[in-house]
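A closer look at the structure
Next come the chains, spelled out residue by residue.
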There are 2 protein chains.
Amino acid sequence: MEKEITIYDLAKILALSPATVSRALNDHPAINAKTKVLIAEKAAELGYRSNTFASHLRTRKTNTLGVIVPRLNSNFMSTVLAGMEEVANNVGYNLLISQSLESEVKERANAKTMFNSRVDGLLVSVAYDTYSFGHFSTFISRNIPVLFFDRILTHPQCGAVIIDNEQAGYDATRHLLDQGCRRIMHVTGDLRRNVYGDRLEGFKRALAGQNLSLDNRLILSTDLSQEAGRAVAEQIDQMQEKPDGLFIANDLCAAICMQALKEKGYAIPGDVAIVGFNNDPVSQVVSPQLTTIFYPGYQMGKTAMTTMIGQLNGTRPIDHSEPIILRSELIIRRSSILLEKS
Amino acid sequence: MEKEITIYDLAKILALSPATVSRALNDHPAINAKTKVLIAEKAAELGYRSNTFASHLRTRKTNTLGVIVPRLNSNFMSTVLAGMEEVANNVGYNLLISQSLESEVKERANAKTMFNSRVDGLLVSVAYDTYSFGHFSTFISRNIPVLFFDRILTHPQCGAVIIDNEQAGYDATRHLLDQGCRRIMHVTGDLRRNVYGDRLEGFKRALAGQNLSLDNRLILSTDLSQEAGRAVAEQIDQMQEKPDGLFIANDLCAAICMQALKEKGYAIPGDVAIVGFNNDPVSQVVSPQLTTIFYPGYQMGKTAMTTMIGQLNGTRPIDHSEPIILRSELIIRRSSILLEKS
DNA sequence: GTGAAAGCGCTAACAC
DNA sequence: GTGTTAGCGCTTTCAC
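In this text the structure is predicted, and so the values were computed from the model without any measurement.

1. Here we look at the relation of the copies chain B and chain A
Superposing chain B onto chain A requires a rotation of 180° together with a translation of 0.3 Å along the rotation axis, leaving an RMSD of 0.5 Å. Those values place the two copies in the arrangement expected of a two-fold rotation axis. Both copies share a contact surface, since 100% of the interface residues of chain B are interface residues in chain A too.

2. Notes on empty space enclosed by the protein
What the rule picks out here adds up to 2 cavities of 30 Å³ or more. When its volume is computed, the largest cavity comes out at roughly 50 Å³. Along the walls of the largest cavity sit Ala255, Met258, Gln259, Lys262, Val286 and Ser287 of chain A together with Val285, Val286 and Ser287 of chain B, which together make up its complete lining. Taken as a whole, the second largest cavity spans an internal volume of roughly 40 Å³. Every residue lining the second largest cavity is listed: Val285 and Ser287 of chain A together with Ala255, Met258, Gln259, Lys262, Val286 and Ser287 of chain B. In terms of residue count, the dominant contributor to the lining of the second largest cavity is helix α11 (residues 251–263) of chain B (4 residues).

3. With respect to the protein's contact with DNA strand D
Around DNA strand D, 28 residues are found, and the nearest of them are Thr20, Arg58 and Arg60 of chain A together with Tyr8 and Arg58 of chain B. Among the atoms of DNA strand D close to the protein, meaning within 4 Å, 61% are from sugar or phosphate groups. Interatomic distance of 2.4 Å between a side-chain N/O atom of Arg60 of chain A and a phosphate oxygen of DNA strand D. Of all elements in the fold, only α2 (18–25) and α4 (52–59) of chain A together with α1 (7–14), α2 (18–25) and α4 (52–59) of chain B reach the threshold of two or more residues within the surface near DNA strand D. With 5 residues, α4 of chain B is the largest single contributor of residues to the surface near DNA strand D. Taken together, the residues that form the surface near DNA strand D break down as 12 nonpolar, 11 polar and 5 charged.

4. Overview of the UniProt feature "domain: HTH lacI-type" (unreviewed entry) in chain A
As annotated by UniProt and renumbered to match this structure, "domain: HTH lacI-type" (unreviewed entry) occupies residues 5–59 of chain A. Taken end to end, residues 5–59 of chain A has its terminal C-alpha atoms 21 Å apart, with 69% of it in helix and 0% in strand.

5. What about the pairing of strand β8 (residues 245–248) of chain A?
All names here are of chain A. Residues Gly245 and Phe247 of β8 are buried on one face, and the alternating residues Leu246 and Ile248, pointing to the opposite face, are buried as well. By the bridge criterion, 4 bridges tie strand β6 (residues 184–188) to β8 in an arrangement that is parallel. From the neighbouring strand, Ile184 faces β8, where its bridge partner is Gly245. As judged from the 3 bridges shared by β8 and strand β9 (residues 273–275), these two strands associate in the parallel manner.

Analysis parameters
- Residues numbered from 1 in each chain as written.
- Chains lettered and ligands numbered in written order.
- Predicted model: local features only at pLDDT ≥ 70, side-chain atom pairs only at ≥ 80, totals over all residues.
- Heavy atoms only, no water.
- Least-squares fit on C-alpha atoms with pLDDT ≥ 70 in both.
- Contact = heavy atoms within 4.5 Å.
- 1 Å grid on protein atoms, 1.4 Å probe; cavity = no way out; pocket = protein on both sides within 12 Å on 5 of 7 lines; lining within 4 Å.
- Points joined across faces, edges and corners; volume = space filled by probe spheres on them.
- Helix = DSSP H or I, 4+ residues; strand = E, 2+ residues; numbered from the N terminus.
- Near = heavy atom within 4 Å.
- Polar contact = N/O pair within 3.5 Å; in protein donor to acceptor, adjacent residues only side chain to side chain.
- Nonpolar A, V, L, I, M, F, W, Y, C, P; charged D, E, K, R; others polar.
- UniProt positions renumbered as here; feature names shortened; annotations may be inferred.
- Buried < 20%, exposed > 50% of the residue type's maximum accessible area, 1.4 Å probe, protein only.
- Pairing = 2+ DSSP bridges.

In structure tokens:
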């Protein structure tokens, strides 16, 4: 076990004060350039590494940001995280990542851990059943910025990065309508969650635009799991008046559902046209390929992180009155094409 | 911005010494049980939270573990991470996660950051092009345990958690042979990497078992990307002697390749039987569904983390002479079934 | 069973 | 441009 080199060791060897060494290492402008070089070389030579705890203890900054996501093992979330990590890493922030496993209880515990770890900021996409803000208010009261992304809670002091779910829901539905569908079923998640609630609004707007009335039996709130996909296919098979279009708020769920429908003998898109959501890799490999909404996960991660870091640096004006909205996009594939392009 | 409560505040209020408060909070046996209760209550009442930096500064322990993965946005890796997170979270360890983006250079930088963050241990799945051990030896020399998982580097002082890639490669190939394939192509990654090299060994052993000679033109080392999948289909289409079996070391790549082959008019599995690798969600939604190797990602994450924590606690005997090998499993689906079960 | 005191390594006033 | 000094909040001998 080698001994750790400290700034005191460097100071003694170079006949300087620890303060000078500290300043030089932090690239303080007041220090002579030559002195800096000297110190940097010696530090490298002796394998000096800054003790972040001592530093954090003084500065009360940790250079660490907490990220809480519902699940790590989802294509979308890991893509978001990848984007966040890239930005954070580039500017020297570390990421403390944990998952709520879709449980508010666990999310609360994670938030507490983050708080105790003294993260400089917190980025959160909330769990399926999170509706209270309490576990984040400790952050707010200590001036630690909290930024929500994708699945958000609305709070005057918290930023948010989302896509325009209402518009995306509208686009998806409108596309099915344009293809001639007149009886569209919408399979979605918990409607109190912004991402699902907003999509439903878009769904409704699209129907209203065609003077179609809303049939509540055609709105299914599920957990969007693979099992849900199978169950939906089963349910459709049992229905008297079957839908001719299906808008499912998750690609994997949609893919499984499509597969189950095909097995039951339904033609896709002939009998039922299908639109998914997320542009997950599965949407490209199912047949027919799945029409979906491109969800810019990587960009969302980068934007959220950039916003957070900007806020921490004070380089970016903070306006939490409006969420940051990223562009999503309808990607039309074979699962929904009923009309040839004219 | 509320003021932080420290043990000094608690000590003063309770007319005790900071030392006693510290000991009580850490459940030191020498402290009177009643005193402990008293202190705990007051701490809770005032919203005291331990300053981990001050603590770390003294104890030189961080309760933080570093994890470096090639990419966060892969289904397999995020599943592994989910498993790790669950275990770590349960015993109070935090995870500092970063991605190498398949570059040894970035991996080196990440390792340095982890080192400076004083992680108590490091878990690594190495980048595509990592062959030197140098950036990990600083950890070893400071007695910080390094554990590799999945894509490993072999080192006498580092543990490793893997699946038996050789056996998996054998199983996949043997299955194709059992289905009657006689000209099997193997599409894989960088053969110097254990996961790919070992699978190739299994591939060879299976062929040898049937007295089939090895045709090097049928071994393709690619980056296993989606583009690679398309390129392989193209290449097969151009070949004079086409393969009747295809073993691709990645499900998404395999799914894309299958799709491209289908578009070119090949029957799957009739013309070409296909086996993938990973049991990625895509393997279940392609048609025909893809035969693959189940890769226990969640379990791998849990096992790796449990091993690491055991080593840190000293509760687990450490034997790095042999890697920990998890069971993987061939999952037979329609993409490779040529013979009906007898 | 509890207290006094030193010090972990760093940074930031404040001097000069 | 560099040095002096005083902590940041905690743990841990060593006392009693």
